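# Overview (structure and organization)
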Amino acid sequence: MTGESQGRSTVLVVDDEPRVCQAFELWLDGKYRVVTATDGETALERLDGRVDVVLLDRHMPGLSGDEMLDRIREGDHDPRVAMVTAVDPDFDIVDMPFDHYVSKPVDGKTLEEIIERLLELDRYDGSLSDFYAVTEKIATLEAEKTSHELEASAEYGTLVERRDRLETAVNDQRAAVDDVEQLFEMATGDREDNT
Amino acid sequence: MGVATGELDALVRDTEFFRSLVENGSDAIVSIDEHSTILYANQSVERVFGYAPEELIGKKLTIIMPDRFRGDHFDAVDRYIETGERELDWSDIQLPAEHRNGEEIPLSITFEEHSYEGERVFSGIMRDISDRVEREAELERQNERLERFASLVAHDLRDPLQTARATLAVAQAGDDDALDDLVDVFDRMDELIGDVLTLAKQGQTVGDAVAVDLGSVAEDAWGTADTGAATLVVADDLPTVAADRERVRTLFENLFKNSVEHGSTSSRRGSADDSVEHGSAADDPVTVRVEPLADGDGFAIADDGPGFGDADADRLFDYGYTTSDDGTGFGLSIVDEVVRAHGWTVTATAGDGGGARFEVETR
C-alpha cells in the first residue's frame, strides 16, 4: 500500500463479466482503491474491513448477488452495498438488505455519484441510513411498477409505513444535528440518475 | 294469497308465440314472488343449473345460489319491498350461481319487476358467462406472460449493453483486444433478438396440424442447428405425430443446440475462458439420440453429455434461465412453448448414461 492509497476509500466490484470489472476499475481507479472479483466466492475472500462500498451484480453463476448480499450481512464487515444489475427490480427487493439499487447499463459518473452518497451516509448514525435505504427502495419500485401494482402490494405498503416511522425518527434527530438536513434532502430527492 | 304456483306458468304456455320465445331462448329465465318462491322457470334452466323447470317451481330461489349469498338475498329483497329503493343496478349484475352439481357458474343477470293480477313478480334473465370469464382470465394470463417476457428481454439486453459499454471503455483506454470482444457482445445481442422473436411467435396455439414424420424433421433441424462435431442418431421407429412441422423443427433445433452447448466443451461456441463446468466428458463431441418413448406416445431427445449438473431442474424451462456464460436462456423456453402449443408435455430427466434426456409426451 502506498501512502496515497491509505486515505482513499475502497470499492469492491463484483461482476461475472470480466470486461465490466475492468471498466469499473478504469473509471473509479483515480479516486478510490478498487478491488474486483468475477464471482461471489472470490468476492467474499476479498471482502475485508477496508472495503467501504460493494458494487454487486445480481445475476451471477455460482453464488448469486442476492445470496452474496445475505452472506455479507451475516459476516463481520459492514460495507455499504449497491446492487448494480440488469435485473428489473421486483417486490422481492423489499426484504433485501442493500443500500442502493441501480439498473445497468451504468457509466463511471453514475457509479461515482452512488459511491459518494453511500460514503457520506457512513458519517451519520443508523436511522438515517435506514431511512435512505428504505427511501431508495420505494423510489426503485415506483420507477418500475404501475400505481395499480403498488397499491396491490403488501410489501410496498409495509415499506411506506417503515419509511414514515423512520422519517419521524430522522426528523427528531434533525433538530439536533444541523448538517443532516443536506443529506436528508439528498436521500429524498434521489431519483433523476436512476430512471 | 299471491300468484298460485303454476298459474303464470300455464299462462305463458298458452300463448304459443311467447311460449316459444321464452322457452327456447338461450338465457335462463326465472320468476319469483315477494317471498322468493319460484313461480316459473323456462327450459334453459336445465342447461344452466341442471334442474328441470318443474323441479324448481315452488322452491325458493336460493336453491340456485351459493350458500354465502343466501342470507344477503333475503335481506335485500325484504329491504327493497319495504323501501322500494334498488341497491344496485338491475341490469347485467355479475353474480355466481350454484349448479345442481355444486359448481359455481358465473352469470350476468338482468332483473325485471312486473305485476300480475296485483301481485309483484320479479323475473331474472340469466346468462351463463363462463366463456367470457374464461376468456378474460386467459387474457390476463397472457398479459402477465407478456410482462414477464418484456422484463426479461429488457434484462437480457441491458446486460450485454453494459458489457459493450465496459468493453468499449477498456478499448478506448488502449487495449485493442477489447475491440474483438465487442464483436462477440454484438453477436450475443443479435442471437438474443433472434431467440426473442422466435419465442414471441410460439404463444399461439397450433392451427393446422398435419402428420409429421419426426425422423425427417429431426434430420432437417440438425442440419441448421450449428452442431459442429456432434453426432445425431435417429431411431427408425419414431412415431408420426399431428403437428405444425415448422414448430417441431424449432423444437428440435433448440434441444440440439442445448445438447451441443452443454454436452461438450469442444463444440461449444463462445469465449476462451469457458470453465469446464460440465464434467469429464468435456472434450468428446456429444452424441444426440432421437428415439420413441417406451409406451409409443411420444419421443425423447437424449445426449451422452454430463447431464444437468448444478442446473435448477425447476427453472430449466424458465425464460432467461441459463448456466452458460454465453447462452441466452431462451432455448428451452422456446421448446416449452412449442410443446404447450401442441397440448403436449415435456420433462427433463437423466438418461441411462447420466446425460440430459428430454421426453415429449404427445398424448
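Here is a short report on the structure shown in this document.

Parameters at a glance
- Residues numbered from 1 in each chain as written.
- Chains lettered and ligands numbered in written order.
- Predicted model: local features only at pLDDT ≥ 70, side-chain atom pairs only at ≥ 80, totals over all residues.
- Heavy atoms only, no water.
- Helix = DSSP H or I, 4+ residues; strand = E, 2+ residues; numbered from the N terminus.
- Buried < 20%, exposed > 50% of the residue type's maximum accessible area, 1.4 Å probe, protein only.
- Contact = heavy atoms within 4.5 Å.
- Areas by Shrake-Rupley, 256 points an atom, 1.4 Å probe, with all protein chains shown as cover.
- Pairing = 2+ DSSP bridges.
- Axes fitted to C-alpha atoms, helices over the stretch in contact; angles between N-to-C directions.
- Phe/Tyr/Trp six-rings, centres within 6.5 Å; stacked < 30°, edge-to-face > 60°.
- Lys NZ or Arg CZ within 6 Å of the ring centre and 35° of its normal.

### Points about the overall build of chain A
Helices and strands together make up the secondary structure of chain A, namely 9 helices and 5 strands. Expressed as a percentage of the 195 residues in chain A, the buried residues total 49%. Across chain A, every contact between residues at least 6 apart in sequence was considered, and the portion connecting residues at least 24 apart equals 66%. With the model as given, the accessible surface of chain A reaches about 9,000 Å², and the carbon-plus-sulfur share is 44%.

### Quick word on the environment of B:Asp336
Residue placement: B:Asp336 occurs in helix α10 (residues 331-341). B:Asp336 has contacts with B:Phe317 and B:Val346, leaving out every residue within four places of it along the chain.

### Brief notes about the sheet that holds strand β1 (residues 28-32) of chain B
All names here are of chain B. Read across the open sheet, the 5 strands follow the order β2-β1-β5-β4-β3; overall the sheet is antiparallel. Across the chains shown, the open sheet's two edge strands, defined by having one partner strand only, are β2 (38-41) and β3 (93-98). Taken pair by pair, the neighbouring strands of this sheet meet at an average axis angle of 35°, ignoring direction. Pairing of β3 with strand β4 (residues 104-116), which is carried by 6 bridges, proceeds in the antiparallel orientation.

### Quick look at the sheet that holds strand β9 (residues 287-292) of chain B
Whenever strands of a sheet pair, they do so through backbone hydrogen bonds, lying parallel or antiparallel. Residue and element names in this part refer to chain B. Strands sit in the order β7-β9-β10-β12-β11 across an open sheet of 5 strands; the sheet is mixed. One side of each edge strand has no neighbouring strand; the edge strands of this open sheet are β7 (231-234) and β11 (345-350). Within the sheet, the average angular offset between the axes of one strand and its neighbour, ignoring direction, is 15°. The sheet contact formed by β9 and strand β10 (residues 298-303) spans 5 bridges and is antiparallel. Along β10, the bridge assignment pairs arginine 289 with alanine 302. Along the sheet face, helix α9 (residues 245-263) touches β7, β9, β10 and β12 (356-361) and points at about 25° away from the line of β10.

### As for the packing of aromatic side chains
As enumerated under the stated definition, the model contains 10 aromatic pairs over all chains in all. For the pair A:Phe98 and A:Tyr101, a centre-to-centre distance of 5.5 Å together with 55° between the ring planes defines the contact as tilted. For A:Tyr101, a relative accessible area of 2% translates into the label buried. Their ring planes at 70° and their centres at 6.4 Å tell us that B:Trp90 and B:Phe122 sit as a pair that is edge-to-face. Of the two residues, B:Trp90 is situated in the loop between α5 (67-83) and β3 and B:Phe122 in strand β5 (residues 119-128); the sequence distance between them amounts to 32 residues. On the basis of relative accessible area, B:Trp90 is assigned to the buried category, the value being 11%. Over the face of the ring belonging to A:Phe98 we find A:Lys137, whose NZ or CZ atom lies 5.0 Å from the ring centre.

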